[in-house]
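Architecture at a glance
Single-letter residue listing:
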Amino acid sequence: MINARLDTILKKSPMWRGLLGKRVLVPADGWFEWTGETGDKQPWFIHGKDGAPLFMAAITAWQPGKDDDVEHGFAIVTDASAGGMVDIHDRRPIVMAPDAAREWVSPSTSVESALELLSTARPETAFKWHPVTRQMSNVKYQAPNASLPCAL
């Protein structure tokens, strides 16, 4: 799994709650979502309005000394989208402000405090998005223009 739904975590799902003591961050410049019908999807790049790095809350099953495999990967915590972002996708990663991100990964932060941090995600108004080249739909596409705006 690549995403852990916040509503499922808050319902005390044993699968996710057990991992809340193993919190990590996924730093990124932004993320991609697609709109449209199958075979005619338009990719969009979503990023912070301020251009600063994003810190996505995640949980992991990784343990030192264990093999790097799917059982020991991580899942980004997601929540429902709101505002105009819902036109792009109905879910979004929980992106934390730098201070909250530091607290999220601190070993001294309790699970209950970590759950509270999940409700302090940056609002949709902190982001902007634009269409990008449809070549992004090919996983082999790795050109520097991948996140640059393009005309629809």
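Note that the coordinates shown come from a computational prediction; the quantities given were computed from them, not determined experimentally.

1. Some thoughts on the pairing of strand β6 (residues 74-80)
When strand β1 (residues 3-5) meets β6, the two strands line up parallel, connected through three bridges. When the sheet's bridge partners are listed, R5 is paired in β6 with T78. Here three bridges tie β6 to strand β7 (residues 91-93), and the two strands are oriented antiparallel to one another. Paired with A80 across the two strands is R91, which belongs to β7.

2. Side note on helix α3 (residues 98-105)
Within the span of α3, buried status applies to A100, A101 and W104. The buried residues of α3 all sit within an arc of 100 degrees when viewed along its axis, so they share a single face. Away from the buried face of α3 by more than 90 degrees, exposed residues D99 and R102 are located. On its buried face, α3 sits against β2 (23-28), β5 (54-60), β8 (95-96) and α4 (111-117).

3. Notes on the pattern of salt bridges
Opposite charge on two side chains permits pairing when their charged atoms draw close. Following the criterion strictly, the structure yields four salt bridges and no others. Here D99 makes a salt bridge to R102, at a shortest N to O gap of 2.4 Å. Note that D99 and R102 are positioned in helix α3 at a spacing of three residues, about one turn of the helix.

4. Overview of the sheet that holds strand β9 (residues 127-131)
Within a sheet, adjacent strands bond to each other through the backbone by hydrogen bonds, running parallel or antiparallel. Across the sheet, three strands lie side by side as β3-β4-β9; this open sheet has antiparallel pairing. Whereas interior strands pair on both sides, the edge strands pair on one side only; in this sheet they are β3 (30-35) and β9. On average, each strand axis in the sheet is tilted by 30 degrees relative to the strand beside it, whichever way the strands run. Pairing of β3 with strand β4 (residues 42-48) involves six bridges; the strand directions are antiparallel. By the bridge assignment, W31 is partnered in β4 with I46.

Scoring rules and cut-offs
Residues numbered from 1 in each chain as written. Predicted model: local features only at pLDDT ≥ 70, side-chain atom pairs only at ≥ 80, totals over all residues. Heavy atoms only, no water. Pairing = 2+ DSSP bridges. Helix = DSSP H or I, 4+ residues; strand = E, 2+ residues; numbered from the N terminus. Buried < 20%, exposed > 50% of the residue type's maximum accessible area, 1.4 Å probe, protein only. Arc of directions from axis to C-beta. Contact = heavy atoms within 4.5 Å. Salt bridge = Lys/Arg side-chain N within 4 Å of Asp/Glu carboxyl O. Axes fitted to C-alpha atoms, helices over the stretch in contact; angles between N-to-C directions.

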